[in-house]
Amino acid sequence: MPADLTEVLVSLVYTLLSKKNGFSAEYLRTRVDRYKGLESETFKRYFERDKEELERLGIPIETVIREDAAGTNTTYYRILPEKYRLEEIEFTPPEAAAIAMAASYWGEDALGNAAQRALARLGVAATELDNSVFEPRVSSSEPAFGQLLDAITERFAVTFTYANPVGEQSKRVIEPWGLGQRFGHWYVTGFDRDRQAQRIFRLSRILDEVKRVDGAPTVNRPAQFSMSEALNRMKLDSVTSTATLHLREGRGYALRTRAEEIQALDESWDVVKVSYVNLEDMAKDVAALGSNVRVLEPTNLRRAAASLLERALQAHREPVPAYELGKPKKAAGKVPETVKVARALDMVSFIHDRGGATFGELQERFDLDRKALQRELDRLSLCGLPEGLPDELLDVIIDDDYVNIENAEHLSHKVRLNLAEAFSLMVALDLMSAVPGLGDDSVVASARAKIEVATGHFSNLSNAVTARFVASEEPERWAQLHDAIEHHRVVKLHYIVGGRDALTERVIWPVRLKEQTGRIYLQAWCTTANAPRVFRMDRVRSLTVQDEHFEHDAAELAKVPTELYSPLANADLIEAKFAARLRPLLPEFSPTRVTTKRPDGSVIAEISSAGDQAMRDLVTSHAGHFEVIAPAEERAEIIEWLEIALATHAES
């Protein structure tokens, strides 16, 4: 039976830490079960893959070549304890609080889990964002994210197909230097080999798998490069453009309220001129109106809107896949090997540090049920030196409900943070430092400096990764609202209701601001509707803080939901497909039933409808990544609506 890979890798770490002079390749090839019987070249391939897995964990394997008395060179491998172990780091209470708060910005994706693992290893208690005035969220759900992060860390060139804002595609080959988030999107920057210049690419526009360029020389990032400075040089769009549109009478209030000029064309249409600064956002506003708008100019806006409609239509014309819905449950999925190995090593050091631990303590610390924990302990009992004697293997001792491990001295130290853990904390602290009021700058800076000490050979990431929230772009804009929330001031809004395409006036009690996927939302108690409401801030046309204060009615404010998606009262249920990059948003939709993750990374879920216009907005803005699956008549109506909208744009 083939050896369990986690067992192999934990044993490999144990072995290479146990002897300062290391072990020869021949020793490993003839004694480790995974490598036994392999030819020399096959062994090298297997061993290199295993080395890469451990290096992603922050565990560098050192290669040493020694010459014997006969003049023959022999290759040895070892792990130096000082490059393996996490040095003791003491955080001040404010630093620990800042790190814990920053880690909570990640959602329940891979980096969110990595951030929580890092907190545990650093001895920092996790925290939640509940009841904060500002609750930001950041996600790493872009399919290209992981490969690009690996490329930046391991310094290799990559190639991918890229689409510009109007949908034109081209093959790109780049030497990636840095990865960062701004304006709610992730970007990679580096040297574009075809253009022979530095370029920046938005990850959501990468259309296929990011592939390594074989045989390419190692990428050398410029010594003075800073991803933060690269993002600073970006502008959402440096030039304001003006669109000339035909808008159907009584429709398109989101555009009408921004218009510089409106003239009647005939009984059914108005000519509207609207200024905008971001082509893609404007294209989404236009596409969501379907056949109720015609773009006269500029051409690139018409093409960008048509591209969104075309991609949405193409997705809806694909056959509906077979699927089965079930009750939502915490997604398990396949646990990456690096996560399993990190957990096993953490478990050994946790038990060793405490002089033993109960099953309950281990279940709570590692979020495992009793059966899964028992499997982990059984696996650990098989780890140690290959073909080792009993005192050369981990000795897992279970006495009733108490667990101890002997012969664990080589693995007794906590391991340095791995790539995902280091990245998650450094980026989260960058996010915190960029928004005034979230954290003390000096505390955040000192916490980040200490985190870099814990990142081992990933510390060179410090200038290559960064991120910032949309709220940090215009801090003065949010200061007034932030103050109103803290001091319970009544606020009056003029607000565009997307589902009804109407301009409304609201009087609200503001509760909290949330940021997700580049949009800021205000959650509040709406006195006009006498109900909780969520307001998209880009749809707010005016906001006035009143002199009046509202009573802090905990019972009423508790009714304000934390979710951002607002279905209609007594709404019909629909079934929708969320592509891989939208999966982190699924909890916001409060699904009643879901499928397991599909082979393409998507999930199909049963959700409450927010109305026809809101569904069309989701379909067009996500352009093929959000798809209405059922009822069949609802899907057919979406297809017909998209076809008519595309025909309208073709005529304009």
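Reading guide: rules and limits
- Residues numbered from 1 in each chain as written.
- Predicted model: local features only at pLDDT ≥ 70, side-chain atom pairs only at ≥ 80, totals over all residues.
- Heavy atoms only, no water.
- Helix = DSSP H or I, 4+ residues; strand = E, 2+ residues; numbered from the N terminus.
- Rg over C-alpha atoms; globule rule 2.2 N^0.38 Å.
- Contact = heavy atoms within 4.5 Å.
- Areas by Shrake-Rupley, 256 points an atom, 1.4 Å probe, with all protein chains shown as cover.
- Lys, Arg positive; Asp, Glu negative; His and termini not counted.
- Charge placed at Lys NZ, Arg CZ, Asp CG, Glu CD.
- Pairing = 2+ DSSP bridges.
- Salt bridge = Lys/Arg side-chain N within 4 Å of Asp/Glu carboxyl O.
- Buried < 20%, exposed > 50% of the residue type's maximum accessible area, 1.4 Å probe, protein only.
- Expected span 1.5 Å × (residues − 1).
- Arc of directions from axis to C-beta.
- Polar contact = N/O pair within 3.5 Å; in protein donor to acceptor, adjacent residues only side chain to side chain.
- Axes fitted to C-alpha atoms, helices over the stretch in contact; angles between N-to-C directions.
- 1 Å grid on protein atoms, 1.4 Å probe; cavity = no way out; pocket = protein on both sides within 12 Å on 5 of 7 lines; lining within 4 Å.
- Points joined across faces, edges and corners; volume = space filled by probe spheres on them.
- Nonpolar A, V, L, I, M, F, W, Y, C, P; charged D, E, K, R; others polar.
- Core = buried A, V, L, I, M, F, W, Y, C linked by side-chain atoms within 4.5 Å.

Caption draft 1: Molecular detail of the overall build of the chain. Regarding its fold elements, the chain presents 20 helices and 26 strands. Taken against the 2.2 N^0.38 rule, which gives 26 Å for 652 residues, the C-alpha radius of gyration of the chain at 28 Å falls within 12% of a compact globule. With the C-alpha coordinates aligned to their principal axes, the bounding extent of the chain is approximately 95 × 60 × 50 Å. Within the chain, contacts between residues at least 6 apart in sequence are counted, and of these 67% link residues at least 24 apart. Counting only carbon and sulfur atoms, one obtains 47% of the accessible surface of the chain, whose full area is about 30500 Å². Within the chain, the 101 negative side-chain charges are centred at a point lying 4 Å from the centre of the 81 positive side-chain charges.

Caption draft 2: Summary view of the sheet that holds strand β23 (residues 573–578). On the basis of which strands lie adjacent, the open sheet formed by four strands has the order β24-β25-β23-β26 and antiparallel pairing. Looking at which strands have only one partner, the edges of the open sheet turn out to be β24 (593–594) and β26 (626–630). Sheet topology places β23 next to β26; four bridges connect them, and they run antiparallel. Directly across from Glu575, in β26, lies its bridge partner Ala630.

Caption draft 3: Region of the structure containing the environment of Leu86. The residue Leu86 is located in the loop between α4 (81–84) and α5 (93–103) in this model. Spatially, the C-alpha atom of Leu86 lies 7.5 Å from that of Leu417, the residues being 331 residues apart in sequence. Filtering out sequence-adjacent residues up to four positions away, Leu86 remains in contact with Arg121, Leu122, Lys414, Val415, Arg416 and Ala454.

Caption draft 4: Structural context of the pattern of salt bridges. Scanning all chains against the criterion turns up 37 salt bridges. When the shortest N-O distance is used, the salt bridge between Glu95 and Lys450 registers 2.8 Å. Of the two residues, Glu95 is situated in helix α5 and Lys450 in helix α16 (residues 441–453); the sequence distance between them amounts to 355 residues. The exposure class assigned to Glu95 is buried, which follows from its relative accessible area of 5%. Under the relative-accessibility criterion, Lys450 is labelled partly exposed at 24%. With a closest N to O distance of 2.8 Å, Glu142 and Arg581 form a salt bridge. Here Glu142 is found in the loop between β4 (134–136) and α7 (145–154), whereas its partner Arg581 is found in the loop between β23 and β24, with 439 residues between them in sequence. Look at Arg581 and you get buried, because its relative accessible area is 15%.

Caption draft 5: Structural view of helix α3 (residues 40–56). Helix length check: α3 (17 residues) gives 24 Å between terminal C-alpha atoms against 24 Å at 1.5 Å per residue, within 8%. Among the residues of α3, Phe43, Phe47, Asp50, Lys51 and Leu54 are the ones counted as buried. Down the axis of α3, the smallest arc covering the buried residues is 105°, so these residues share one side. Buried-residue contacts for α3 involve α1 (5–18), α2 (25–31), β2 (62–67), β3 (73–78) and α12 (337–354). At the C-terminal side of α3, Gly58 shows a positive phi close to 85°.

Caption draft 6: Expanded view of the side chain of Glu606. Structurally, Glu606 can be placed in strand β25 (residues 603–608). Among the residues examined, Glu606 registers a relative accessible area of 11% and is labelled buried. Reaching out from Glu606, the side chain makes a polar contact with the side chain of Thr592 at a distance of 2.5 Å. Apart from residues no more than four positions distant in its own chain, Glu606 is found in contact with Leu325, Leu573, Ile574, Glu575, Pro591, Thr592 and Arg593.

Caption draft 7: Structural view of the sheet that holds strand β16 (residues 402–406). Pairing is antiparallel across the open sheet formed by three strands, whose spatial order is β14-β16-β15. With one partner strand each, in any of the chains shown, β14 (357–358) and β15 (395–399) form the two edges of the open sheet. Where β15 meets β16, five bridges bridge the pair, whose relative direction is antiparallel. Bridge pairing links Val396 to Ile405 in β16. In the packing of α12 onto the sheet, the strands contacted are β14 and β16, and the crossing angle to β16 comes to about 100°.

Caption draft 8: Region of the structure containing empty space enclosed by the protein. Scanning the entire structure with this criterion turns up two cavities of 30 Å³ or more. For the largest cavity, the full set of lining residues is Asp612, Met615, Arg616, Glu634, Glu637 and Ile638. For the lining of the largest cavity, a count of residues per class yields two nonpolar, no polar and four charged. Put simply, the second largest cavity is a space of about 30 Å³. In terms of residue class, the lining of the second largest cavity is built from two nonpolar, five polar and two charged.

Caption draft 9: Here's a closer look at the nonpolar core. Ranked by internal contacts, the top residues of the largest apolar core, which has 78 residues, are Leu122, Trp186, Phe423 and Leu425. The element best represented in this core is helix α15 (residues 419–434), accounting for ten residues. If near-sequence neighbours (up to four positions away) are discounted, Phe423 is found in contact with Trp106, Leu111, Phe145, Leu149, Leu179, Trp186 and Val465. Listed in part, the 50 residues of the second largest apolar core include Leu16, Met347, Val403 and Ile405.

Caption draft 10: Spotlight on the environment of Ile496. Position of Ile496 relative to the elements: it lies in strand β18 (residues 489–497). Looking at Ile496, the relative accessible area reads 2%, which means it is buried. Each C-alpha atom of the pair Ile496 and Thr257 lies 8.9 Å from the other, and the pair is 239 residues apart in sequence. In contact with Ile496, other than residues within four places in its own chain, are Tyr253, Ala254, Thr257, Ala502, Leu503, Arg539 and Arg541.

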